[in-house]
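The residues making up each chain are set out below.
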Amino acid sequence: MEYEEKTFEGLTLSQETVCGKSFSDCTFVRCSFSGVRFQQCAFRDCAFFRCKIINPEPERTQAKHLRFEGCSLAGVRWEDFAVPGGFAGPLDQLSGCELKYNSFFQLRLDGFDFSGQAVMETVFDGCSLAQSSFRGCTLAGTLFTACDLRGADFRDAGGYCIDPRQNKLAEARFTLPEAVRLFDGLGVRIE
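Residues numbered from 1 in each chain as written. Predicted model: local features only at pLDDT ≥ 70, side-chain atom pairs only at ≥ 80, totals over all residues. Heavy atoms only, no water.

J.: Could you give an account of the packing of aromatic side chains, naming the residues involved and the relevant values?
T.: Taken as a whole and judged by the stated rule, the model has 28 aromatic pairs. Between Phe28 and Phe43, the aromatic rings sit 6.4 Å apart at their centres with planes inclined by 55 degrees, giving tilted as the arrangement. With Phe28 in strand 6 (residues 27-29) and Phe43 in strand 9 (residues 42-44), this residue pair connects regions lying 15 residues apart in the sequence. Each member of the pair Phe28 and Phe43 is classed as buried. Both rings, one in Phe114 and one in Phe124, keep their centres 5.6 Å apart while their planes meet at 85 degrees; by these two values the pair is edge-to-face. With Phe114 in the loop between strand 18 (103-105) and strand 19 (118-120) and Phe124 in strand 20 (residues 123-125), this residue pair connects regions lying ten residues apart in the sequence. Across the pair, Phe124 and Phe114 agree in class, each one buried. Seen from the ring of Phe8, Lys6 lies directly overhead, with NZ or CZ sitting 5.3 Å from the centre. (Phe/Tyr/Trp six-rings, centres within 6.5 Å; stacked < 30°, edge-to-face > 60°. Helix = DSSP H or I, 4+ residues; strand = E, 2+ residues; numbered from the N terminus. Buried < 20%, exposed > 50% of the residue type's maximum accessible area, 1.4 Å probe, protein only. Lys NZ or Arg CZ within 6 Å of the ring centre and 35° of its normal.)

This is the structure in structure tokens:
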């Protein structure tokens, strides 16, 4: 079943299975999806406003160009929504969102604007994040491993865990005192 340019408002699904649905240019307002299994679904150019998405379980489900505003996103494995070999990633825009316990594995997010978001206890592993902005982000417990962070902006961001030996950091921007965290994995003591 295919939905195009449809608005879903106040929809609440918990521990249910959604199978074989396609959503194009759809809008979701104040919806809640908790532990929902999405099987063979597709989300293209959809917008989510003040929604709560917790621990989705995608199976052969793809997402492209999604926009989130004022949403709470917990336990999302964004790599499971990525189109294999595709140039378009699942995310297009975040505004006023809280991401907690998310994972981004080997995704191309060059130039993505995370600025001002709360991205906590999240893992970026093997991602291309060149020229991305994390400016003003709350990154409590967020880990970056094997990422391309060249030219990324971390000014006024706090709480991140970035090992300079494992990530490409040329031209990345940081502010003090938080930038001292870059020395954590190097065994350097600053007094």
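Still more ground to cover, so stick around.
J.: Now, about the pattern of salt bridges: what can you tell me, with residues and values included?
T.: Going through the model one piece at a time under the given rule, you end up with ten salt bridges. Between Asp110 and Arg108 there is a salt bridge, and its shortest N-O distance comes to 3.0 Å. Its relative accessible area of 37% is what places Asp110 among the partly exposed residues. Assessed through its relative accessible area of 59%, Arg108 is described here as exposed. Among the ionic pairs, Arg173 bridges to Asp153, the shortest N-O distance being 3.8 Å. Here Arg173, found in the segment after strand 22 (158-162), pairs with Asp153, found in the loop between strand 21 (138-145) and strand 22; they are 20 residues apart in sequence, far enough to count as distant. Residue Asp153 is classed as buried on the basis of its relative accessible area of 6%. A single network of salt bridges, built from pairs that share partners, joins Arg37, Glu57 and Glu59. (Salt bridge = Lys/Arg side-chain N within 4 Å of Asp/Glu carboxyl O.)

Interpretation in functional terms is not warranted from these geometric data alone.
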